[in-house]
Amino acid sequence: MSVQTRVQQHRKHHISRRANRLSPSGIRKFFDLLSGMEGVISLGVGEPDFATPWHIREAAIESIEKGQTMYTSNSGTPELRKEVARQLRADYGVDYDPVSEILITVGVSEALDLTMRAILDPGNEVILPDPSFVAYPSSVILAEGVPVSIPTYENKNFEINAGDIESRITRKTRAILLGYPSNPTGAVMSRPKLAEIADLAYDKNLTVLSDEIYARLTYGVEHTCFASLPHMKEHTILLGGFSKAYAMTGWRIGYAAAPAEIIAAMTKIHQYTMMCASSMGQVAALEALKGDQDCVREMVEDYNRRRLVIVKGLCDIGLSCFEPKGAFYAFPSIRRTGMNSEDFAEKLLAEEKVAVVPGSAFGACGEGYVRCCYATSLADIEEALRRMKRFVGKHRGG
Amino acid sequence: MLKDILKILENDARARPKQISDMTGMPQTEVTRLIKQAWQDGVILKYKAIVNWDKAENEHVFALIEVKLEPQKDVGFDSIAERIYRFPQARSVYLVSGTYDLFVLVLGKNNHEIANFVSQKLSHIDGVKATNTQFILKRYKEDGEIIEGLEEVKRQPVVL
């Protein structure tokens, strides 16, 4: 029997090499474990625990009642693109043309995929920080590119360094992918550090793909929009969305803002794969931007209280914790327990029913850490900390 | 800042100074001092529970009473309002613009008790010209809290 026939007998269906190359998300594994358990406190899902503010939901309901249920323009409704442009101008002073430089997508996830497909040829390299969001390397691989990880470290605030990037640049390097405020570390890049990367991108004529989905969630520091740095609008593909700031994860609305040529290429792929983002989602997103922004401020204030509680709580139980200045994650070191991050997360779930995500899911440099999402009620955070204290006490020193 | 503390307490009157200190990053002694000061200054009036009486099997009726006043010689609206809000049945009393002048939320054991309050007490007060009583049939939301029917949304397993 030939090897091929044996493989065919073993696997009933042919699965592409492309799909086979993707490793299953380390987070998924935990949620499969978790879904059958009772009484679990989850610090796992990176999602606001708030429902979308009512005025936003109400606007979408009204649009459905009125029968606004058709396809929209491929690029997104003109009103929403205009409003996104207005907001980027107001917040960061960057001018985007709503007609040719903005594309509304099905969440930032689609924007990420479109970007990779639009700018990468097979073998092109994308430089990205390690640890970072699980979808980054996969989106590069799906577009037949090669992710090149740059280690980042807690004692350097998990910032990615222009010097480190420069040493990895080859003839195949096509883009630098930044995701700050960072999932999973909560790190925010300082403006001077970003300016160094901007200089590098300018000198080497590289594209910077900046995922700024957590831009509105910063605590005591200001977010710098990469495209707002001198000369950077021409070099930046800016990705943003509504999920995190407006608690709109399920609506799946995001956007890309970039030079017209790139947006045109992305739109071509988008129109053949997605047609357009959902019409009611776009109505909701428009209301989010046009409506009162107090809801965002209130949620950020709430996250900040939880952030202070969880960071202090983790430090108090001996899990030293980097101070996250953005997003809604704490990323404590678990090294003193002697466990690796996957064992820690598995045992913590089994013994104390607290779900956290092993840092190794976000790259090799995430090993020795776990990600705790604090977008959950204070009562749950406090209970989770009590359980973790018991757990750490039991396993101290391995 | 005091405002941060008040926001936390308005949402959860049981929050302890230690918790508030953790939530704000302010030293616990400072939190305790500011709360004490707010209490003394009358910024914090009282720590109370919001009760869903429907579930406590306690016979009760709420009514909203609009009250039209007639200005009295040498007596302002404030003192007429005081004569009304002194009654323990009056849970909330507001001076309002529009057709009526006062808006009184009343709690009684039953319709009869509220009818008595209106006909025997309220309408006898000097300066009260007319009243308009509306019995409350159902309370949906009280002081920012939805009373019932709020279903908890469960998260589904997702990769992100």
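A.B. asks: Whenever I open this one, the overall build of chain A confuses me. Can you help?
C.D. replies: Within chain A, the secondary structure is distributed over 14 helices and twelve strands. Against the globule reference of 21 Å for 398 residues, chain A gives a C-alpha radius of gyration of 21 Å, in line with a compact fold. Counting only C-alpha atoms and orienting by the principal axes, one finds that chain A spans roughly 65 × 60 × 45 Å. Buried residues in chain A amount to 49% of all 398 residues.

A.B. asks: How should I be thinking about the environment of B:Trp53 in this particular structure?
C.D. replies: Residues and elements named next belong to chain B. Tracing the backbone through its elements, the reader meets Trp53 in the loop between helix 3 (28-40) and strand 1 (61-69). For the pair Trp53 and Arg139, spaced 86 residues apart in the sequence, the C-alpha separation amounts to 9.9 Å. With residues near it in sequence (within four places) discarded, Trp53 still touches Asn58 and His60.

A.B. asks: Please clarify how the domain arrangement of chain A should be interpreted in this entry.
C.D. replies: Size of an interface, as often reported, equals the accessible area lost when the parts are brought together. All names here are of chain A. Under the domain assignment used here, chain A contains domain 1 (8-51 + 295-395) and domain 2 (68-290). Between domain 1 and domain 2, the contact holds 34 residues from the first and 32 residues from the second. Listed by contribution, the elements that provide at least two residues to the side of domain 1 that touches domain 2 are helix 2 (17-21), helix 12 (294-316) and strand 9 (329-330). Counting residues per element, the side of domain 1 that touches domain 2 draws most heavily on helix 12, at six residues. Within the side of domain 1 that touches domain 2, the residues separate by chemical class into 20 nonpolar, eight polar and six charged.

A.B. asks: Where do I start with the packing of helix 1 (residues 2-11) of chain B against helix 3 of chain B in this structure?
C.D. replies: Each pair of packed helices can be described by the angle between their axes along with the distance between the axes. All names here are of chain B. Look at helix 1 against helix 3: their axes get within 10 Å of each other, and the N-to-C directions meet at 80 degrees. When the axis of helix 1 is compared with that of helix 3, the two are roughly perpendicular. Residues Leu2, Ile5 and Leu6 of helix 1 pack against Val31, Leu34, Ile35 and Ala38 of helix 3. Split into classes, the residues belonging to the contact of helix 1 with helix 3 amount to seven nonpolar, no polar and no charged.

A.B. asks: I'm lost on the domain arrangement of chain B in this one. Help?
C.D. replies: Here chain B is partitioned into domain 1 (2-40) and domain 2 (53-138). A separation of 35 Å is found between the C-alpha centroids of domain 1 of chain B and domain 2 of chain B.

A.B. asks: Even after reading the chapter, I still don't get the packing of helix 6 (residues 107-119) of chain A against helix 7 (residues 135-142) of chain A, so can you show me in this structure?
C.D. replies: Residue and element names in this part refer to chain A. Two numbers describe how helix 6 lies on helix 7: the axes approach to 8 Å, and their chain directions differ by 40 degrees. If you check the angle between helix 6 and helix 7, you find them oblique. The two elements helix 6 and helix 7 meet at a crossing, and its hand is right-handed. Residues Ser109, Leu112, Asp113 and Met116 of helix 6 touch helix 7, and the partners they reach there are Ala135, Ser139, Val140 and Leu142. Partitioning the contact of helix 6 with helix 7 into residue classes produces five nonpolar, two polar and one charged.

A.B. asks: Whenever I open this one, helix 9 (residues 191-204) of chain A confuses me. Can you help?
C.D. replies: One turn of an α-helix holds 3.6 residues; hence residues three or four places apart share an orientation. Residues and elements named next belong to chain A. A rise of 1.5 Å per residue sets the reference length of helix 9, with its 14 residues, at 20 Å; its end C-alpha atoms lie 20 Å apart and thus fit the reference within 8%. Residues of helix 9 that are buried include every one of Leu194, Ile197, Ala198 and Ala201, and no others. Seen end-on, helix 9 carries its buried residues on one side only, within an arc spanning 105 degrees. Turned more than 90 degrees from where helix 9 packs its buried face, Pro192 and Asp203 sit exposed. Packing partners of the buried residues in helix 9 comprise helix 8 (162-168), strand 5 (173-178) and strand 6 (207-211).

A.B. asks: How do you make sense of the pairing of strand 12 (residues 370-373) of chain A when you look at a structure like this?
C.D. replies: Moving residue by residue along a regular strand, the side chains alternate between the two faces of the sheet. Residues and elements named next belong to chain A. Both faces of strand 12 are covered, namely the face carrying Val370 and Cys372 and the face carrying Arg371 and Cys373. Summarising the sheet, strand 9 and strand 12 pair through two bridges and their orientation is antiparallel. If you follow Ala330 over to strand 12, its bridge partner there is Cys372. Here two bridges tie strand 11 (residues 357-358) to strand 12, and the two strands are oriented antiparallel to one another.

A.B. asks: What exactly am I supposed to notice about unusual backbone geometry here?
C.D. replies: Glycine aside, the phi torsion of most residues is negative, and most peptide linkages are trans. Going from A:Tyr180 to A:Pro181, the amide bond is cis rather than trans, its omega being -5 degrees. Along the chain, A:Asn183 connects to A:Pro184 via a cis peptide bond; the corresponding omega equals 20 degrees. When you line up the elements, A:Pro184 lands in the loop between strand 5 and helix 9. One non-glycine residue, A:Met275, adopts positive backbone phi at about 65 degrees. Relative to the helices and strands, A:Met275 resides in the loop between helix 10 (260-273) and helix 11 (279-290). Unusually for a residue other than glycine, B:Asp143 sits at a positive phi of about 50 degrees. Topologically, B:Asp143 is positioned in the loop between strand 5 (141-142) and strand 6 (145-146).

Thresholds, definitions, all that
The numbers attached to residues start from 1 for each chain and follow its sequence in the written order. Chain letters start at A and ligand numbers start at 1, both assigned in the order the entries are written. For this predicted model, a pLDDT threshold of at least 70 governs which residues receive local features, and a threshold of 80 or more governs which side-chain atom pairs are given and counted, while totals over whole chains, interfaces and linings are taken from all residues. Helix numbers and strand numbers start at the N terminus; a helix is a DSSP run of H or I with at least 4 residues, a strand a run of E with at least 2. Only C-alpha atoms enter the radius of gyration, while the globule expectation follows 2.2 Å times N to the 0.38, with N the number of residues. For every residue, the other C-beta atoms within 10 Å of its own C-beta are counted; 20 or more classify it as buried, 12 or fewer as exposed, and values in between as partly exposed. C-beta atoms are placed from the backbone. Each residue is represented by a C-beta atom placed from its backbone, and any two residues with such atoms within 7 Å are regarded as in contact. Reported domain spans reflect what an automatic or database domain assignment gives. Under the grouping applied here, Gly and all other residues not named as nonpolar or charged are polar, the nonpolar ones being Ala, Val, Leu, Ile, Met, Phe, Trp, Tyr, Cys and Pro and the charged ones Asp, Glu, Lys and Arg. In this analysis an axis means a line fitted to C-alpha atoms, helices contributing only their contacting stretch, and an angle means the value between N-to-C directions, from 0 to 180 degrees. Roughly parallel means an angle under 35 degrees; roughly antiparallel means over 145; roughly perpendicular covers 65 to 115; every other angle is labelled oblique. Crossing handedness: left-handed means the near helix sits turned counterclockwise from the far one by under a right angle, and right-handed means the same turn made clockwise. Working rule for helices: expected span equals 1.5 Å times residues minus one. Here the arc refers to the directions that run from the helix axis out to each C-beta atom. In this description, strands pair whenever DSSP reports at least two bridges between them.

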